[in-house]
Amino acid sequence: MRIGLVQFTAGGRVADNLATLTERIREAANKGATLIVCPEASSQAFESGPLSEQAEELDDAFASGLRELADELGVTIVAGMFRPANGGRVRNTALITGPGLHEGYDKIHTFDTASYRESDHVEPGTELRTFGHEGATVGVAICFDIRFPDHFQELARRGAQIVVVPTSWAGGDNKIEEWITLSRARALDAGVFIMAPDQANPDGSTGAENNSDPLGVGHSIAVAPNGTVLALGGFDEEVIVVDIDPDDARRRQAAVPLL
C-alpha cells in the first residue's frame, strides 16, 4: 500500500485551503498514493477567525469537493475540518472520503492544558472510528489523541493495522521531540503503522525555534509497528509518500502480544 502525507500550512479561508489541498492531493496521487492523509484543521487554521462561522457539514463545499476529488482520482482522502456543534462550538473532524465512503471521526481528546482549553471551542467526540482500505483496516485519531495509548490499542483491538493522525502540532521547547517520541510510542503500544501529517511551520526552517502555535512544526511522520521511522518531513510544505505492507502490523501484534 502506498500512502501519501500532505504537509501544508492552512489559512483562514476554507475555499482557499480546498484549492491548495486539491493541488497537494493530486501530487500525492500522481506519485501513486491511494490513501492520502492531510493535517488537522485543513479547512481552516486554528485562531484564524471564529471556527463556527465557516464550519460545514459533510455534504457542504469542503467535504463535497474532496469527495469529488477522491472519486476522480480513485483514492481515499483523510483531512481535518470543522463541523457545527452545540452552543457555538464546533466538532474537530477528520473527514474520510473515497469511492463508496464518506464519513467523519470527531476528535475525542481535546487539547485542554494549563494554558489552553480547546474544549471551550470544540465539542469532544465520543466514538472511535475505523474504515477499510485495500483490504486493510485503518483507525483514525487526531493530534492530541496521540497522548492516549488506550485510544490506539483499542483501535488495534478492533482490527486496525494503520492509524492515521491528522495533526496541527504547535511549536515550542521540545515540541518536535515530543511529537516524534509520541508517534513512535503509539506504534509500539498498539503494533500499528502510524501515518501522521502535521501542518507545516508557517515560517519554514527559519521559524524552527519559534512557537508556531496554533499551526504546526511540520515533521510529518510515518512509523512502522516496530517503532522504526519510515519517513520524516522537515519544516516546510511537502508531500511525503511511503510504501507499507499492512500485514506487518499483524505479524508485530502476534510477536509482541500487547493487546
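Everything that follows concerns the structure shown earlier in this document.
Residues numbered from 1 in each chain as written. Predicted model: local features only at pLDDT ≥ 70, side-chain atom pairs only at ≥ 80, totals over all residues. Heavy atoms only, no water.

Trainee: Residues and numbers for the packing of helix 1 (residues 14-30) against helix 3 (residues 61-73), please.
Mentor: Look at helix 1 against helix 3: their axes get within 10 Å of each other, and the N-to-C directions meet at 20 degrees. By the angle between their directions, the pair helix 1 and helix 3 is classed as roughly parallel. The chirality of how helix 1 crosses helix 3 is right-handed. Residue-level contacts link V14, L18, L21, T22, I25, R26 and A29 of helix 1 to A61, F62, G65, L66, L69, E72 and L73 of helix 3. Of the residues assigned to the contact of helix 1 with helix 3, the class counts are 10 nonpolar, 2 polar and 2 charged. (Axes fitted to C-alpha atoms, helices over the stretch in contact; angles between N-to-C directions. Helix = DSSP H or I, 4+ residues; strand = E, 2+ residues; numbered from the N terminus. Parallel < 35°, antiparallel > 145°, perpendicular 65-115°, else oblique. Left-handed = near helix turned anticlockwise from the far one by under 90°. Contact = heavy atoms within 4.5 Å. Nonpolar A, V, L, I, M, F, W, Y, C, P; charged D, E, K, R; others polar.)

Trainee: Let's hear about the sheet that holds strand 4 (residues 90-98): which residues, and what values?
Mentor: Ordered in space as 5-4-3-2-1-12, the 6 strands form an open sheet in which the pairing is mixed. Either end of the sheet is taken by a strand with one partner, and the two such strands are strand 5 (101-106) and strand 12 (238-243). Put simply, the sheet's adjacent strands are angled 25 degrees from each other on average, direction ignored. Pairing of strand 3 (residues 76-84) with strand 4 involves 8 bridges; the strand directions are antiparallel. Residue pairing across strands places I77 opposite T97, the latter belonging to strand 4. Together, strand 1 (2-7), strand 2 (35-37), strand 3 and strand 12 form the strand contacts of helix 1, whose direction differs from that of strand 12 by roughly 30 degrees. (Pairing = 2+ DSSP bridges.)

Trainee: Tell me about the pairing of strand 6 (residues 130-133), and please be specific about residues and values.
Mentor: Of the two faces of strand 6, the one holding F131 and H133 is buried and the one holding T130 and G132 is not buried anywhere. The pairing of strand 6 with strand 7 (residues 136-140) spans 4 bridges and is antiparallel. When the bridges of strand 7 are listed, G132 appears paired with T137. (Buried < 20%, exposed > 50% of the residue type's maximum accessible area, 1.4 Å probe, protein only.)

Trainee: Please set out empty space enclosed by the protein residue by residue, giving values where relevant.
Mentor: Under the defined criterion, the tally for this structure stands at 2 cavities of 30 Å³ or more. Each pocket or cavity is described by its volume, and for the largest cavity that value is around 50 Å³. If you go around the largest cavity, the residues you meet are L188, A190, G191, P225, R252, Q253, V256, L258 and L259. Elements with a contribution of two residues or more to the lining of the largest cavity: helix 5 (175-190) and helix 6 (247-255). Here the second largest cavity is characterised by a volume of approximately 40 Å³. Along the walls of the second largest cavity sit V14, S43, Q44, Q54, A55, E56, F62, M81 and F82, which together make up its complete lining. Tallied by class, residues from the lining of the second largest cavity come to 5 nonpolar, 3 polar and 1 charged. (1 Å grid on protein atoms, 1.4 Å probe; cavity = no way out; pocket = protein on both sides within 12 Å on 5 of 7 lines; lining within 4 Å. Points joined across faces, edges and corners; volume = space filled by probe spheres on them.)

Trainee: Residue-level account of the packing of aromatic side chains, with values.
Mentor: If you walk through the whole model with that rule in mind, you get 4 aromatic pairs. With 5.4 Å between their ring centres and 75 degrees between their planes, F46 and F82 make a pair best called edge-to-face. Of this pair, F46 sits in the loop between strand 2 and helix 2 (51-54) while F82 is found in strand 3, placing the two residues 36 residues apart along the sequence. Residue F46 is classed as buried on the basis of its relative accessible area, which comes to 11%. For F82, a relative accessible area of 2% corresponds to the buried category. Relative to F148, the ring of F144 lies with its centre 5.8 Å away and its plane at 75 degrees, an arrangement referred to as edge-to-face. Judged by its relative accessible area of 27%, F148 is partly exposed. (Phe/Tyr/Trp six-rings, centres within 6.5 Å; stacked < 30°, edge-to-face > 60°.)

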